[in-house]
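As a plain string of letters, each chain reads:
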Amino acid sequence: MNVTEHFVVSQPVDAVWSLFQDVPELARCLPGAELTEDHGDGTYEGSVSVKLGPISASFVGKATVEFDHDANTIAIKGRGVDRSGGSQGRVDVGVDLVGTDEGHTSVTIAAAVQLAGPIAQFGRTGLVNEVSKRLIDEFSDCVHAKLDAASPEVAEAITAPEVHGLSLFFASLWATVRGWFRQS
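Quick summary incoming for the structure in this document. The structure presented is a predicted model; accordingly, all values stated were derived computationally and were not measured.

1. Details of the overall build of the chain
Reasoning step 1: Per the secondary structure count, the chain includes five helices and seven strands.
Reasoning step 2: When its helices and strands are written in sequence order, the chain yields β-α-α-β-β-β-β-β-β-α-α-α.
Reasoning step 3: Relative to its full complement of 184 residues, the chain shows a buried share of 39%.
Reasoning step 4: Here the analysis covers contacts within the chain between residues at least 6 apart in sequence; of these, 55% occur between residues at least 24 apart.
Reasoning step 5: Carbon and sulfur atoms make up 54% of the accessible area of the chain, which totals about 10200 Å².

Okay, structure coming up:
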């Protein structure tokens, strides 16, 4: 499935690009994500934990990150396995930063997500798209807070909030149901 999200940061593209190049710091803005190893060559190991109602998964795996400094784009390829639940995931993410006429930065995140195993059932219901949107909203809030922080020390202390699976699940389910009714 493909997920595309967009947000605008009220900072110049150079400031946002600087943060986005700091992968360990940026990972702290992803709810449920944890980097465990930086191989120094654009390859990272870590985990991403997700809880959708009765199903939770903690994907442990690797990701490669490539930067195009001329275009202010990032390509991320990740794979992970949830050893306890038997789910697998693969993601190809493109991040595009573009300066606006107002001096802000437009951020577009496009992801191709492939899920297998028990968690894959949520991909068919539209819940993954809703959950992705909510997680990107949390990510965006964290990025804004880091860039608006009064000092580097304050920025470093800012992290994404903990993901509350049940409330995220029901909020996402409700948004999906509302979408179905709007289509009818």
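2. Digging into the pattern of salt bridges
Reasoning step 1: Enumeration over the complete set of coordinates arrives at three salt bridges.
Reasoning step 2: Across the pair Arg28 and Glu25 runs a salt bridge whose closest N-O atoms are separated by 3.4 Å.
Reasoning step 3: Glu25 is the salt-bridge partner of Lys146, the closest N and O atoms lying 2.2 Å from each other. Taken together, the residues Lys146 in helix 3 (residues 127-148) and Glu25 in helix 2 (residues 23-27) connect sequence positions 121 residues apart.
Reasoning step 4: You can call Lys146 buried: its relative accessible area is 6%.

3. Describing empty space enclosed by the protein
Reasoning step 1: Tallied over the full model, the rule gives one cavity of 30 Å³ or more.
Reasoning step 2: Here the largest cavity is characterised by a volume of approximately 1300 Å³.
Reasoning step 3: If you go around the largest cavity, you meet 50 residues; those closest to its centre are Leu30, Ala33, Val48, Val91 and Val93.
Reasoning step 4: Among the elements that take part in the lining of the largest cavity, strand 3 (residues 43-52) stands out by supplying eight residues, more than any other.
Reasoning step 5: Residues of the lining of the largest cavity, tallied by class, amount to 35 nonpolar, nine polar and six charged.

4. Comments concerning the environment of Leu35
Reasoning step 1: Looking at the element boundaries, Leu35 is found in strand 2 (residues 33-38).
Reasoning step 2: Take Leu35: its relative accessible area is 33%, and that puts it in the partly exposed class.
Reasoning step 3: Leu35 sits twelve residues away from Ser47 along the chain, and the two C-alpha atoms are 6.6 Å apart.
Reasoning step 4: In this view, Leu35 contacts Val23, Pro24, Ala27, Tyr44, Glu45 and Gly46; residues no more than four positions away in its chain are not counted.

5. Here's the deal with the state of the cysteines
Reasoning step 1: One pass over the structure, following the stated rule, counts one disulfide.
Reasoning step 2: Residue pairing for Cys29: its cysteine sulfur links by disulfide to Cys142, the two sulfurs lying 2.2 Å apart. Its S-S torsion of about -70 degrees marks the bond between Cys29 and Cys142 as left-handed, since a negative value means left-handed. In this pair, Cys29 sits in the loop between helix 2 and strand 2 while Cys142 sits in helix 3, placing the two residues 113 residues apart along the sequence. Taken individually, Cys29 and Cys142 each receive the classification buried, so the pair is uniform in this respect.

6. Considering the layout of surface pockets
Reasoning step 1: In this structure, the largest pocket encloses a volume near 190 Å³.
Reasoning step 2: Around the largest pocket, the lining comprises 14 residues; the ones closest to its centre are Arg79, Gly80, Val81, Gln88 and Gly89.
Reasoning step 3: Along the lines of polarity and charge, the residues of the lining of the largest pocket split into four nonpolar, five polar and five charged.

7. Considerations on unusual backbone geometry
Reasoning step 1: For Asn72, which is not glycine, the phi dihedral falls at a positive 55 degrees.
Reasoning step 2: On the accessibility criterion, Asn72 (15% relative accessible area) is buried.

8. Overview of the nonpolar core
Reasoning step 1: With 26 residues, the main nonpolar core has Phe20, Val107 and Val143 as its most contacted residues.
Reasoning step 2: Setting aside chain neighbours within four positions, we find Val107 in contact with Glu5, His6, Phe7, Val9, Val16, Phe20, Val95, Asp96 and Leu97.

Criteria and cut-off values
- Residues numbered from 1 in each chain as written.
- Predicted model: local features only at pLDDT ≥ 70, side-chain atom pairs only at ≥ 80, totals over all residues.
- Heavy atoms only, no water.
- Helix = DSSP H or I, 4+ residues; strand = E, 2+ residues; numbered from the N terminus.
- Buried < 20%, exposed > 50% of the residue type's maximum accessible area, 1.4 Å probe, protein only.
- Contact = heavy atoms within 4.5 Å.
- Areas by Shrake-Rupley, 256 points an atom, 1.4 Å probe, with all protein chains shown as cover.
- Salt bridge = Lys/Arg side-chain N within 4 Å of Asp/Glu carboxyl O.
- 1 Å grid on protein atoms, 1.4 Å probe; cavity = no way out; pocket = protein on both sides within 12 Å on 5 of 7 lines; lining within 4 Å.
- Points joined across faces, edges and corners; volume = space filled by probe spheres on them.
- Nonpolar A, V, L, I, M, F, W, Y, C, P; charged D, E, K, R; others polar.
- Disulfide = S-S within 2.5 Å.
- Core = buried A, V, L, I, M, F, W, Y, C linked by side-chain atoms within 4.5 Å.

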